[in-house]
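# Coordinate inspection notes
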Amino acid sequence: MAYYSRFSPFLKPYLPQMVGAAVLVMAVALVNLLLVRLAGFLWDIITVQHDLRSMTNAIGLFLGLVIAQGMLAMGHSYLTAWVSQHILADFRIHVFAHLQRLSLGFFAKRRTGEILSRLMNDVSVIQSTVTETPIDSAKQLVTLVGGVAFLLVMNWRLCLLILMLLPLLVLVARMFGQRLRSLSTAIQDQTASTTTLVEEVLAGIRVVKSFVQTHREEARFASQLRTALEMTLRRAAVLAVFIPTITLLTFAAAAAVLWYGGRQVIEGAVSPGDLFAFVLFAGILIGPFGSAARVFAQIKEAQGAMQRVFEILDTQPEIRDRPDAIDMPPIRGHVRVDRVGFAYDPRQPVLCEVSFEVRPGEMVAFVGPTGAGKTTLVNLLHRFYDPTEGSVTIDGHDLRMVRLDSLYRQIALVPQETMLFGGTILDNIRYGRQEATEEEVITASRAANAHDFILATPDGYRTLVGEKGVNLSGGQRQRLAIARAVLKNPRILMLDEATSALDSESEMLVQDALDRLMSGRTTFVIAHRLTTVQRADRIFVLNKGRIVEEGTHTSLMERKGLYHYLYTLRLEELMADS
Ligand SMILES: Nc1ncnc2c1ncn2[C@@H]1O[C@H](COP(=O)(O)OP(=O)(O)OP(=O)(O)O)[C@@H](O)[C@H]1O
Ligand SMILES: [Mg+2]
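### Concerning the coordination of the magnesium ion (ligand 2)
Within the protein, Thr375 (OG1) and Gln416 (OE1) serve as the donor atoms for the magnesium ion (ligand 2), at 1.9 to 2.4 Å. Note that Thr375 is positioned in helix H10 (residues 374-381) and Gln416 in the loop between strand S6 (411-414) and strand S7 (423-424), a separation of 41 residues in sequence. Using a relative accessible area of 30% as the deciding quantity, one classes Thr375 as partly exposed. Classification of Gln416 by relative accessible area gives partly exposed; the value is 36%.

### Describing the packing of helix H8 (residues 214-267) against helix H9 (residues 272-314)
Between H8 and H9, the least distance of the axes is 9 Å, while the angle of their chain directions is 165°. For the element pair H8 / H9, the angle class is roughly antiparallel. The chirality of how H8 crosses H9 is right-handed. Counted together, Val257, Leu258, Gly261, Gly262 and Val265 of H8 and Pro272, Leu275 and Val279 of H9 form the full contact between these two elements.

### Quick notes on the pairing of strand S4 (residues 389-394)
Across five bridges, strand S1 (residues 335-342) lies against S4 in antiparallel orientation. Paired with Val337 across the strands is Val392, a residue of S4. Of the strand pairs in this sheet, S4 and strand S5 (residues 397-398) are connected by two bridges, and their pairing is antiparallel. What sits directly across from Thr393, in S5, is Asp398.

### Here's the deal with the site of ligand 1
If you check the shell around ligand 1, you find Ala108, Tyr344, Val350, Thr370, Gly371, Ala372, Gly373, Lys374, Thr375, Thr376, Gln416 and His528 and nothing else. Within the side chain of Lys374, one N or O atom sits 2.8 Å away from an oxygen atom of ligand 1. Contact distances for ligand 1 include 2.7 Å between an oxygen atom and a side-chain N or O atom of Gln416. Alone, ligand 1 offers 640 Å² of accessible surface; in the complex the protein occludes 65% of this.

### Examining the domain arrangement of the protein
The domain architecture assigned to the protein consists of domain 1 (1-155 + 297-317), domain 2 (156-269), domain 3 (334-410 + 492-578) and domain 4 (418-489). Using only C-alpha atoms to locate each centre, domain 1 and domain 3 end up separated by 58 Å.

### Things to note about the sheet that holds S4
Spatial strand order, S2-S1-S4-S5: four strands in an open sheet with antiparallel pairing. Taken across any chain shown, the strands that pair with only one partner, and hence form the sheet edges, are strand S2 (351-358) and S5.

### Observations concerning the packing of aromatic side chains
In this structure the tally under the stated criterion is 19 aromatic pairs. One aromatic cluster is present, formed by Phe7, Phe10, Phe91 and Phe310 through successive ring pairs. Between the NZ or CZ atom of Arg37 and the centre of the ring of Phe41, over which it lies, the distance is 4.1 Å. The aromatic ring of Trp259 is capped on one face by Arg263, whose charged end is 4.9 Å from the ring centroid.

### A closer look at the packing of helix H1 (residues 2-11) against helix H5 (residues 112-154)
With their axes 11 Å apart at the nearest point, H1 and H5 run at an angle of 80° to one another. Between H1 and H5, the angle is such that the two are roughly perpendicular. Counted together, Tyr4, Phe7 and Leu11 of H1 and Ile126, Thr129, Val130 and Thr131 of H5 form the full contact between these two elements. Among the residues forming the contact of H1 with H5, the class breakdown is five nonpolar, two polar and no charged.

### Looking at the environment of Arg359
Assignment of secondary structure puts Arg359 in the loop between S2 and strand S3 (363-367). Considered as a pair, Arg359 and Thr194 are 165 residues apart in the sequence and their alpha carbons are 54 Å apart.

### A word on the nonpolar core
Here is a general trend for soluble globular proteins: nonpolar side chains tend to be buried in one another's company. Ile429, Ile454, Leu480, Ile482, Val533, Ile539 and Tyr563 are the most contacted members of the largest nonpolar core, which has 47 residues in total. For this core, the element with the most residues is helix H15 (residues 474-487), which contributes seven residues. Counting contributing residues, this core receives three or more from each of domain 3 (334-410 + 492-578) and domain 4 (418-489). In contact with Ile539, other than residues within four places in its own chain, are Ala365, Val367, Val533, Glu549, Glu550, Gly551, Thr552, His553, Leu556 and Tyr563. Residues Val335, Phe342, Val358 and Phe524 belong to the second largest nonpolar core, which totals 31 residues.

### Thoughts on the pattern of salt bridges
Pairing between side chains of opposite charge can happen when the charged atoms of each approach one another. Counting across every chain of the model gives 21 salt bridges. Close ionic contact of Arg322 with Asp324 constitutes a salt bridge, the shortest N to O distance being 3.4 Å. With a closest N to O distance of 3.8 Å, Arg336 and Asp338 form a salt bridge. Residue classification places Arg336 among the partly exposed residues on the basis of a relative accessible area of 36%.

Basis of the calculations
Every chain is numbered on its own, with residues counted from 1 as its sequence reads. As a convention, the first chain written is A and the first ligand written is 1, with the rest following in written order. With pLDDT at 70 or above as the cut-off, local features in this predicted model cover only qualifying residues; side-chain atom pairs require 80 or more to be listed or tallied, and sums for whole chains, interfaces and linings still use all residues. With hydrogens and water excluded, all non-hydrogen atoms of the structure serve as input to the side-chain values. Metal-coordinating donors are taken as N, O and S atoms lying within 2.8 Å of the metal, or within 3.2 Å when the metal is Na, K or Ca; because water is left out, some sites can appear incomplete. Only DSSP runs of H or I with at least four residues qualify as helices, and only runs of E with at least two residues qualify as strands; both kinds are numbered from the N terminus onward. Buried residues are those whose accessible area, probed at 1.4 Å on protein chains only, stays under 20% of the maximum for their type, while exposed residues exceed 50% and partly exposed ones sit between those limits. To obtain an axis, a line is fitted to C-alpha atoms, over the contacting stretch when the element is a helix, and the angle between two such axes runs from 0 to 180 degrees between their N-to-C directions. Oblique is the label for any angle not under 35 degrees, not over 145, and not in the 65 to 115 range, which are roughly parallel, roughly antiparallel and roughly perpendicular in turn. What makes a crossing left-handed is the near helix being turned counterclockwise from the far one by less than a right angle; a clockwise turn instead makes it right-handed. Between two residues, a contact is recorded if the distance between any of their heavy atoms is within 4.5 Å. At least two bridges found by DSSP between two strands are what make those strands a pair. By convention in this text, a residue qualifies as near a molecule or strand provided that one of its non-hydrogen atoms is within 4 Å of it. In protein, a polar contact requires one atom able to donate a hydrogen and another able to accept it; more generally it is a pair of N or O atoms within 3.5 Å, and residues adjacent in sequence count only if both atoms are side-chain atoms. For the area figures, the Shrake-Rupley method with a 1.4 Å probe applies, and any residue is considered shielded solely by the protein chains shown. Domain extents, as shown, originate in an automatic or database domain assignment. Here is the rule: rings of Phe, Tyr and Trp (six-membered ring for Trp) pair when centre to centre is within 6.5 Å. Planes less than 30 degrees apart are stacked, more than 60 are edge-to-face, and the remainder are tilted. For a ring to carry a charge above it, either NZ of a lysine or CZ of an arginine must fall within 6 Å of the ring centroid while also lying within 35 degrees of the normal to the ring plane. Each residue is assigned to one of three groups, with Ala, Val, Leu, Ile, Met, Phe, Trp, Tyr, Cys and Pro labelled nonpolar, Asp, Glu, Lys and Arg labelled charged, and all others, Gly among them, labelled polar. Grouping buried Ala, Val, Leu, Ile, Met, Phe, Trp, Tyr and Cys residues that are joined through side-chain atoms within 4.5 Å yields what is termed a nonpolar core. Put simply, a salt bridge is a Lys or Arg side-chain nitrogen that is within 4 Å of an Asp or Glu carboxyl oxygen.

Here it is in structure tokens:
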């Protein structure tokens, strides 16, 4: 229930329209009742009174009511859709906005598909329960109260009979309904996992083929389909029994009413028209009883969905501005890492006692074996995570004390995995600075050694790249990512294996250009290819989360430690290659 009240701020702006839709639909229900009553009178006029003039009038009135009902229904239908779609959009935007504020740690722990399903499916389940259900209930309420009132006035004994039979009918229908629903959910889940399988296989088709696993994937697909088939057939069986059963029960109930009412007509206690109206009333009363059962199930389903959605909304970003955070002043680039320790998972420390100081304008390289913690260190310098111990300061400001936006605006990261958005090459480079001029974009592209290959693409800077930029090579994508970072004109630039996919010559060109651009600013470079880091002012060698060596290329080579080992290993590889 608490969830429902939390949803109310989203309903509030649309309350007048919601009430309007409810009033319209209540009017529809009322006209429905009148139509049924009128049908009873008409029946008597035709069969008992034999009055042509009254009949014409009654039919005229009937048509008038039908037209009125149609117009009301049109208004209700559109208004309900208008309200519920607006609320759906507002709520989804709210959840999405919150989602984007959450820290990297949140996304690292969850699967994208799961988050997506909460944003899309769960939100729409909630929306329909919270908006459409109350409006529909207003209609059912009028039908129930009005219908029962008419019946009571007309013949209270028959009315009681109907009120006994109807819930029975609904109960049986509900039993089947529950079974059908749980089967349908299972079928949906099954379909979803089959879709995931197909997606995965298609995305990785090269791996599947080259590892000769097509038969295995086929078997997995077939087994999933078989499960789905079995469940679908089970549902078909339930449905096959369900419909005749309900029909039978309905006719039995109708027969009971007809038998009892018919006797009264024959005895002259009830007019034929009244009996006719009576049966029709009984028919429309199925609506409210059925919907009561449905609403109950819907509310339960919505509660599950709300729990999942509000879990996201209740998650606070771990990395967020403190209330007393200040704006980061223009960065000079003096970075100090002081006895930093960090762990993604408390059981497994990743960084330990890391300390160093970098002067403005220095170019610093991190090297070390894979898994040493280089990317993690950059994550802390960027404040994607906060250190568990120690502190990171820039120009004397602890990163935890400054506003995130003011920090992020002045630094740039080219991550290990390149991400391009769907759109043109130009859009992708301009991602961080929409207002950048064409010349600025070209300057950045030249620095990233990307300008020439961009011009060689079919539409130059207007060439569309796929959702992951699939039509570009790995090295081309990396160069776009560098151009994007350079265009941001950052005071601190971090390159995490940003040139790993380039050949040595292109890499050197990019490095030269970056040297010029970044002069006077601080640069952090991570690279496995040690030729890249030779030019760094200082090199930090990481191993198992600790800095084990520090110095220039020459001094580290003289030391004959880990750096020397990694470097000579690399050289030997190169020799062997050539
Ligand atoms: N999101 C995460 N959650 C839990 N553990 C993580 C996460 N990211 C990295 N790790 C772990 O932290 C350690 C350091 O990882 P990191 O990515 O910093 O290594 P790296 O030095 O950048 O390696 P590489 O050269 O392969 O990129 C690894 O043991 C890794 O398994
Ligand atoms: Mg890494």
